[in-house]
2 protein chains.
Amino acid sequence: MYCFGVDIGGTTVKMGLFKEDGTVLDKWEIPTRTEDGGSAILPDIAKAIEEKLNAHQIDKKEVCGVGVGVPAPVTDDGVVKQTTNLGWGYKQVRQELEELTGLLAKIGNDANVAALGEMWKGGGQGNKNMVMVTLGTGVGGGVIINGKILTGTNGAGGEIGHIVMEPDETERCGCGKTGCLEQYASATGIVRLAKRQLAKFEGETILDAETVTAKDVFDAVKQGDTAAILIAEEFGTYLGHGLATVSALVDPAIYVIGGGVSKAGEILFDYIKGPYMDKAFFANKEVKFALAELGNDAGIYGAAKMVLP
Amino acid sequence: MYCFGVDIGGTTVKMGLFKEDGTVLDKWEIPTRTEDGGSAILPDIAKAIEEKLNAHQIDKKEVCGVGVGVPAPVTDDGVVKQTTNLGWGYKQVRQELEELTGLLAKIGNDANVAALGEMWKGGGQGNKNMVMVTLGTGVGGGVIINGKILTGTNGAGGEIGHIVMEPDETERCGCGKTGCLEQYASATGIVRLAKRQLAKFEGETILDAETVTAKDVFDAVKQGDTAAILIAEEFGTYLGHGLATVSALVDPAIYVIGGGVSKAGEILFDYIKGPYMDKAFFANKEVKFALAELGNDAGIYGAAKMVLP
C-alpha cells in the first residue's frame, strides 16, 4: 500500500509519496496559490496526486489515503475555522479533499503533524508519548499521546509556545497576549533576551546588540563568550521551566527539539536540562531529550503516517 | 451487564456496583488495611466483590470488570511504582486483582479516575475533552482527551497542581519543589496567600490571620470583605493563568472544578475567568467552567466507567 503526505505552507506545498514502511518513493513541491481565498490549493493538490499516480502507475485502490498538515488549528474531523496565510476562512478541508481525490483524507495542524513525523521516522522513534518543540521564528509544538496527535477541542492542542511564563511581561507576543514561552524561547525571543542582556552587560563580548541573531548567541556560547552564556542560561531557564509544566500535564517519555534554533545542537540541552530538573515533578525526571532529525520533511512524514492503518 | 467501581483511599476503600447505564445498585465502604505493606487491600476488595455478587445473585459472566482508582501514579498497564499512604511499593495491581477476582481489571490514578467520573455522570457530561481540577488540601487534576484518561508515560499525566507558576518562590510545595500551582490554589495555598495578605493589609477585615481557612476567605468574600476579595483575586489570578497554560497544551472544552474549595460555589469562577481570558490563547477562549457534581463518589463512577465496553 501507498500513501501521500502533504504539508501546506504559505508559499509552497511539500508533497511526498510513501510506502507503508515509510520509504519515500517521490518528493516534490508545488506553489501555494493563496489568491481567491486559496480556492485553488486543494484542487492543485488533487491534480498533483493524480499526476504522480499516473507517473508511478499506481492504482487508487493501492492508496491508503492523503494526510495533510495545515498552518492553522484543525479539528479532528478536518475542519479549519480560520487561516492567517492561506486565504481560507471556514473550510471543510477533509471533506473537500476526499471529494476531489476519491481518497481517504486526514487533516492536522502542521506543527502537530510534524511531531507525528518525528515520532515515526525521526528523533522520537520508539516512543508513543512524545512532545515536539519547534524553536523557529515562533515556538511551535505537538503533543503525541499513545501514538496519536492530541488535537484538542478547537484543534489547538500542543500550542506550547503560548503557555504562560511571565504574566507581567510588557511586550506583546505575536498571538496578542503577553508573557508567552514564545517570547523567550523562539529565535526572535532569544534576540529579545540578547538585546536586554547586552544593554546591561558590562564585560567584553563578541555579540553586537544591533545585529545579534539566535545563531550568533549559540556560536558565541561555543566560544565561551560570557554574555552569550548568560543569554543561553536565561533562554534555558524559561524553556526548562516551561517543559517541566508540559511534563506535569502530559508526562511524555521524550522531548524532540526542532526548528532553526535546534541547529545549535546538543549544547541546547546543557541549558535546558538543569532548569527542567529543578522544576520537574518527581515522576517526570527521567524524560529524554533529543534533536529533531527530519528537518523540513517532518511534515510530509507525519501527514503520511496519519492515514496509515 | 454490571461493573464495579473502586476508589482506594488511605483509610477507606469506597466501592460501588453499577449497571452499564451508570445506575448505582449498591454502594459501600471497607477499611483500607495498610499494615504489612498493604498486602490485604486487594484481597479485601476481591472478597467484598464476591460477597456483593452473591448478595445480588449476579453471575461473574454478567460483569464487565472492576475499575480501581489508586492514590499514586499508575501506568496504562496497571502498575504502581510507589505509594505514599497505602504501604505498597512496586505492585502489578491490575494483574493481581484480575487473578484474585477472575474479572477484567483496570487501574488508574484516583484524580484521573475522578475526572472520568465527572465526565460520565457529573459536571462534565456531554464533553469528551475535559479537565478536572480538584482544589483540596492539594491541587489534583485529570485530563480527559477523546473520552479517555491522559495517563502519560509514568502515570503522572494531569498533575495540574505541579505546573510551574513562580520559579522564584522560596517556600516548598508538598512535592519538594517550589512555585507549584498547588502552593497558591489549594485550600492550604489559599491560607498561605491569606496570611501574606493579612500581614500587610491595613483596613478592617473579619478575617483572623491566625485561624483563617479557605472557607473563611470565600465566606468573607460573599460579605464584601476587602481583604478577602484581594486574597480571592490573587488565588483567581494564579489559577486562571495556570488554566490558560493547561488550555494551550490540551485544549479542553470544559473545566470541572471540584474539591473542598469548590464548595464556595460559582463565585470562584468570578475570580478565575478574568485572568484566564487575559492569558488564554485565542483558540481557547470559549472554554466552559462548571462545578463538580459527584463529590466523593466521582472516584467510583470513573472507576466503573473505565471497564465499560
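Reading guide: rules and limits
- Residues numbered from 1 in each chain as written.
- Chains lettered and ligands numbered in written order.
- Predicted model: local features only at pLDDT ≥ 70, side-chain atom pairs only at ≥ 80, totals over all residues.
- Heavy atoms only, no water.
- Helix = DSSP H or I, 4+ residues; strand = E, 2+ residues; numbered from the N terminus.
- Buried < 20%, exposed > 50% of the residue type's maximum accessible area, 1.4 Å probe, protein only.
- Salt bridge = Lys/Arg side-chain N within 4 Å of Asp/Glu carboxyl O.
- Polar contact = N/O pair within 3.5 Å; in protein donor to acceptor, adjacent residues only side chain to side chain.
- Patch = residues over 30% accessible without salt bridge, like charges linked within 9 Å, V, L, I, M, F, W, Y side chains within 5 Å.
- Areas by Shrake-Rupley, 256 points an atom, 1.4 Å probe, with all protein chains shown as cover.
- Lys, Arg positive; Asp, Glu negative; His and termini not counted.
- Charge placed at Lys NZ, Arg CZ, Asp CG, Glu CD.
- Pairing = 2+ DSSP bridges.
- Axes fitted to C-alpha atoms, helices over the stretch in contact; angles between N-to-C directions.
- Contact = heavy atoms within 4.5 Å.
- Least-squares fit on C-alpha atoms with pLDDT ≥ 70 in both.
- Parallel < 35°, antiparallel > 145°, perpendicular 65-115°, else oblique.
- Left-handed = near helix turned anticlockwise from the far one by under 90°.
- Nonpolar A, V, L, I, M, F, W, Y, C, P; charged D, E, K, R; others polar.
- Buried area = accessible area lost by both parts, 1.4 Å probe.
- pLDDT = per-residue confidence, 0-100.

A. Inspection of unusual backbone geometry at higher detail. Positioned with a positive phi, D36 of chain A is a non-glycine residue whose angle comes to about 50°. Relative to the helices and strands, D36 of chain A is located in helix α1 (residues 35-38). The class of D36 of chain A is exposed, set by a relative accessible area of 67%. A positive phi is found at D251 of chain B, a non-glycine position, where the angle reads about 50°. The residue D251 of chain B is located in the loop between α8 (226-250) and β11 (254-258) in this model. Taking relative accessible area as the criterion, D251 of chain B reaches 0% and is therefore assigned buried.

B. The arrangement of the pattern of salt bridges in detail. All names here are of chain A. According to the stated counting rule, one finds 24 salt bridges over all chains in the structure shown. Two residues, K60 and E50, come together in a salt bridge whose shortest N-O distance is 2.6 Å. Of this pair, K60 sits in the loop between α2 (41-55) and β4 (63-70) while E50 sits in helix α2; the two residues are 10 residues apart in sequence, bridging distant segments of the chain. We classify K60 as partly exposed; its relative accessible area is 30%. Where E169 meets R192, a salt bridge forms, and the shortest distance between an N and an O atom there is 3.5 Å. Of this pair, E169 sits in the loop between β10 (148-149) and α5 (182-185) while R192 sits in helix α6 (residues 187-200), placing them 23 residues apart in sequence. Pair check on accessibility: E169 and R192 agree, each one buried. Look at the salt bridges and you will find they share partners, linking E169, E171, R192 and R196 into a network.

C. Up close: the side chain of N109 of chain B. All names here are of chain B. On the secondary structure map, N109 appears in strand β7 (residues 105-109). Given the relative accessible area of 7%, N109 is considered buried. A distance of 3.0 Å separates the side chain of N109 from the backbone nitrogen of A111, its partner in a polar contact.

D. Main features of a negative patch on the surface. Taken together, E166 and D168 of chain A together with E166 and D168 of chain B make up a surface patch of like negative charges. Considering the arrangement of structural elements, one finds D168 of chain B in the loop between β10 (148-149) and α5 (182-185). Here D168 of chain B falls in the exposed class, since its relative accessible area comes to 71%.

E. Structural detail: the sheet that holds strand β2 (residues 12-19) of chain A. All names here are of chain A. The five strands lie next to each other as β3-β2-β1-β4-β7, forming an open sheet whose pairing is mixed. The open sheet has two edge strands with one neighbour each: β3 (24-31) and β7 (105-109). The mean angle between the axes of side-by-side strands here comes to 15°, regardless of whether they run parallel or antiparallel. Both β4 and β7 contribute to a ladder of five bridges, which runs parallel. When the sheet's bridge partners are listed, G69 is paired in β7 with G108. On the sheet, helix α3 (residues 93-101) packs against β4 and β7 and is oriented at approximately 145° with respect to β7. Together, β1 (2-8), β2, β3, β4 and β7 form the strand contacts of helix α10 (residues 298-307), whose direction differs from that of β1 by roughly 135°.

F. Region of interest: the relation of the copies chain A and chain B. When chain A is fitted to chain B, the best match, at an RMSD of 0.0 Å, comes from turning it 180° and sliding it 0.0 Å along the axis. Read as a symmetry element, the transformation amounts to a two-fold axis. The share of interface residues of chain A whose copies in chain B are also at the interface is 100%, consistent with both copies meeting through the same surface.

G. Summary view of the packing of α2 of chain A against α3 of chain A. Residue and element names in this part refer to chain A. Between α2 and α3, whose axes approach to 9 Å, the crossing angle comes to 40°. Taken together, the axis directions place α2 and α3 in an arrangement best described as oblique. The handedness of the crossing between α2 and α3 comes out as right-handed. For the pair α2 and α3, the contacting residues are L42, P43, I45, A46, I49 and E50 in the first and V93, E96, L97, L100 and T101 in the second. Looking at the contact of α2 with α3 residue by residue, the classes come out as eight nonpolar, one polar and two charged.

H. Quick look at the interface of chain A and chain B. Every contact between the two is made by 40 residues of chain A and, on the other side, 40 residues of chain B. Here chain A meets chain B over a buried area of about 3300 Å², counting both sides, of which 61% is carbon and sulfur. In terms of surface lost to chain B, no three residues of chain A exceed L249, K279 and F281 of chain A, which account for 22% of the buried area on that side. In this assembly, chain A and chain B are joined by zero salt bridges. Inspection of the region where chain A meets chain B yields 28 residue pairs in polar contact (both at pLDDT 80 or more). Elements with a contribution of two residues or more to the side of chain A that touches chain B: β9 (139-145), α8 (226-250) and α9 (267-279) of chain A.

I. Layout of the confidence of the model for chain A. Here chain A averages 96 in pLDDT, while 100% of its residues score no lower than 70. For this predicted complex, the interface confidence score (ipTM) comes to 0.94, while the overall pTM stands at 0.95.

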